[in-house]
Amino acid sequence: MIPTDAVSRLGTESAFSVLARAAELQREGKDIINLGIGQPDFPTPDHIVEAGIKALRDGHHGYTPAKGILPLREAVCADIAKRRGVEVSPENITIMPGGKPTMFFSILMFGSPGTEIIYPDPGFPIYRSMIEYSGATPIPMTLHEDRDFGFSADEVLNQITAKTRLIIVNSPGNPTGGVTPKSEVEKLIAGLADWPDVAIMSDEIYSRMLYGGREHVSFLAYPEIRDRLIVLDGWSKTYAMTGWRLGYAVWPGKLIDLAERFCVNAHSCVNAATQYAGIAALEGPQDAVDVMMKAFDERRVAIVKMLNDLPGFRCADAAGAFYAFPNIEGTGIDAKTMQTRLLEEAGVATIAGTSFGVNGDGFLRFSYANSLENIEAAIGRIGKLL
Ligand code: PLP
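Residues numbered from 1 in each chain as written. Predicted model: local features only at pLDDT ≥ 70, side-chain atom pairs only at ≥ 80, totals over all residues. Heavy atoms only, no water.

**Points about the packing of helix α5 (residues 100–110) against helix α9 (residues 253–266)**
Two numbers describe how α5 lies on α9: the axes approach to 11 Å, and their chain directions differ by 120°. You can see that α5 and α9 cross each other, and the crossing is right-handed. Contacts between α5 and α9 involve Phe105, Leu108, Met109 and Phe110 from the former and Leu255, Leu258, Ala259, Phe262, Cys263 and Ala266 from the latter. Considered class by class, the residues forming the contact of α5 with α9 number 10 nonpolar, no polar and no charged. (Axes fitted to C-alpha atoms, helices over the stretch in contact; angles between N-to-C directions. Helix = DSSP H or I, 4+ residues; strand = E, 2+ residues; numbered from the N terminus. Left-handed = near helix turned anticlockwise from the far one by under 90°. Contact = heavy atoms within 4.5 Å. Nonpolar A, V, L, I, M, F, W, Y, C, P; charged D, E, K, R; others polar.)

**Observations regarding the sheet that holds strand β8 (residues 247–250)**
The sheet built from seven strands is open, its strands ordered β2-β8-β7-β6-β5-β3-β4 with mixed pairing. On the outer flanks of this sheet lie β2 (93–96) and β4 (137–142), each paired with one strand and no other. Averaged over neighbouring strand pairs, the angle between their axes works out to 20° when direction is ignored. Where strand β5 (residues 164–170) meets strand β6 (residues 199–203), five bridges bridge the pair, whose relative direction is parallel. When the bridges of β6 are listed, isoleucine 167 appears paired with isoleucine 200. (Pairing = 2+ DSSP bridges.)

**Here's the deal with the site of the ligand**
What surrounds the ligand is a group of 14 residues, the closest being Asp203, Tyr206, Ser236, Lys237 and Arg245. Between the ligand and the protein, one listed contact pairs an oxygen atom with a side-chain N or O atom of serine 236 at 2.6 Å. At 2.7 Å, a side-chain N or O of arginine 245 approaches an oxygen atom of the ligand. In isolation the ligand has 390 Å² of accessible area, and contact with the protein removes 94% of it. (Near = heavy atom within 4 Å. Polar contact = N/O pair within 3.5 Å; in protein donor to acceptor, adjacent residues only side chain to side chain. Areas by Shrake-Rupley, 256 points an atom, 1.4 Å probe, with all protein chains shown as cover.)

**Here's the deal with the nonpolar core**
The biggest cluster of nonpolar side chains holds 110 residues, and the ones touching the most others in it are Phe151, Phe219, Trp235, Trp251 and Phe366. In this structure, Ile32, Phe325, Ala349 and Phe363 belong to the second largest nonpolar core, which totals 13 residues. (Core = buried A, V, L, I, M, F, W, Y, C linked by side-chain atoms within 4.5 Å. Buried < 20%, exposed > 50% of the residue type's maximum accessible area, 1.4 Å probe, protein only.)

**Observations concerning the pattern of salt bridges**
Opposite charge on two side chains permits pairing when their charged atoms draw close. Overall, the coordinates contain 20 salt bridges when judged by the stated rule. Residue arginine 21 pairs with glutamate 24 through a salt bridge whose shortest N-O separation is 2.5 Å. With arginine 21 and glutamate 24 both in helix α2 (residues 14–27) and three residues apart, the pair spans about one turn of that helix. Across the salt bridge formed by arginine 84 and aspartate 233, the nearest N and O atoms sit 2.8 Å from each other. Taken as a pair, arginine 84 in helix α4 (residues 70–84) and aspartate 233 in strand β7 (residues 229–234) lie far apart in primary sequence, 149 residues in all. (Salt bridge = Lys/Arg side-chain N within 4 Å of Asp/Glu carboxyl O.)

**Focus on the domain arrangement of the protein chain**
Domain boundaries assigned for the protein chain yield domain 1 (5–43 + 287–385) and domain 2 (46–283). Between domain 1 and domain 2, the contact holds 39 residues from the first and 36 residues from the second. A combined buried area of about 3000 Å² lies between domain 1 and domain 2, and 60% of that area is made up of carbon and sulfur atoms. Our count for the contact surface shared by domain 1 and domain 2 stands at 19 residue pairs in polar contact (both at pLDDT 80 or more). Elements with a contribution of two residues or more to the side of domain 1 that touches domain 2: α1 (5–8), α11 (287–309) and β9 (323–324). Looking at the side of domain 1 that touches domain 2 element by element, the count peaks at six residues for α11. For the side of domain 1 that touches domain 2, the per-class residue count stands at 23 nonpolar, 10 polar and six charged. (Domains from an automatic or database assignment. Buried area = accessible area lost by both parts, 1.4 Å probe.)

**Description of the sheet that holds strand β12 (residues 364–367)**
Spatial strand order, β9-β12-β11: three strands in an open sheet with antiparallel pairing. Of all strands in the sheet, those bounded by a partner on one side alone are β9 and β11 (351–352). For β11 and β12, the ladder comprises two bridges, and the chain directions are antiparallel. When the bridges of β12 are listed, alanine 352 appears paired with leucine 364.

**Regarding the environment of methionine 241**
With respect to the element layout, methionine 241 can be found in the loop between β7 and β8. Among the residues examined, methionine 241 registers a relative accessible area of 1% and is labelled buried. If near-sequence neighbours (up to four positions away) are discounted, methionine 241 is found in contact with Thr44, Ile48, Trp235, Ser236, Leu246, Ala277 and Ala281.

Next comes the structure, spelled out in structure tokens:
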């Protein structure tokens, strides 16, 4: 067998290997607190589960249109209009098996040898993995700790060259919880007027996960870039539906047929019952989301304080998602060693910042999608180990 060179460049997401190691330790009888994996510790709300079951009972067992069933695409557009104040046509939507395929397809559409793609660093590891796979050159967009992990529009604009095909942005962001301020978003968009051939992929999967009265700044709100903007969003985080595999993308008119073709080639369609559950999520009561967000906010305040009290740790006040990303340089221990020692010796799963890019060196990601009690116990164990 001789697989291509390209596949040897595929990266991975360390959260899954840490999860596997944590499960192994648990099987050996060790008590592990998992602050590694980025998924809500809440069940999917009942009415959503019931809608999925009903869809199966009602006989929705077959293929659906590759772009997704129309009522779901309409529900997505109504939700976008409500939350982002923007009109989008169901024609421009593809329903996806999660958030990841949108980044996968967009990067394959724009990345090839000799081109460049700018992506957030520290950022979701799959961006870089897919850019490398496509053969394009990955150009890291530095997210600065002293800017609450937002990007600097001037820096990004300076990184654009004639080879740039795509810029990826993600706010609120993984792994930092950082939110880029509206002023920087608008400065970037204004500067992009000089680069009309550069596409943008805005990963807005944490758009509902904001704290302290912050409002989401969607790239969709800027008509001047709509003809080259792809938006990634989905149900995984907001509705605690990571295992259902349900997401959506908004495509510009020029890319929608291509996007549909990718869907036909890759997965045919998202499983039908899940799509009906997705309608119930968007159109049904939102109180379960509010309850979850209230719990996340309490944990966020608590974990940021507790992390700042640990010797050698310094933690920014994350404004979004469910991650805290402390700087641990003051401990004198590098991130990877810290990740290993915390898991093996203290029984606490976290992810080294280096898993999210070179700029993650000296940081550790904590997911606070776990109970306050477990978070307190985990930080207590870390304090003892330090
Ligand atoms: N984008 C970001 C920034 C994420 O953090 C994640 C998941 O962790 C995804 C996309 C992928 O989401 P999904 O599980 O729906 O594929």
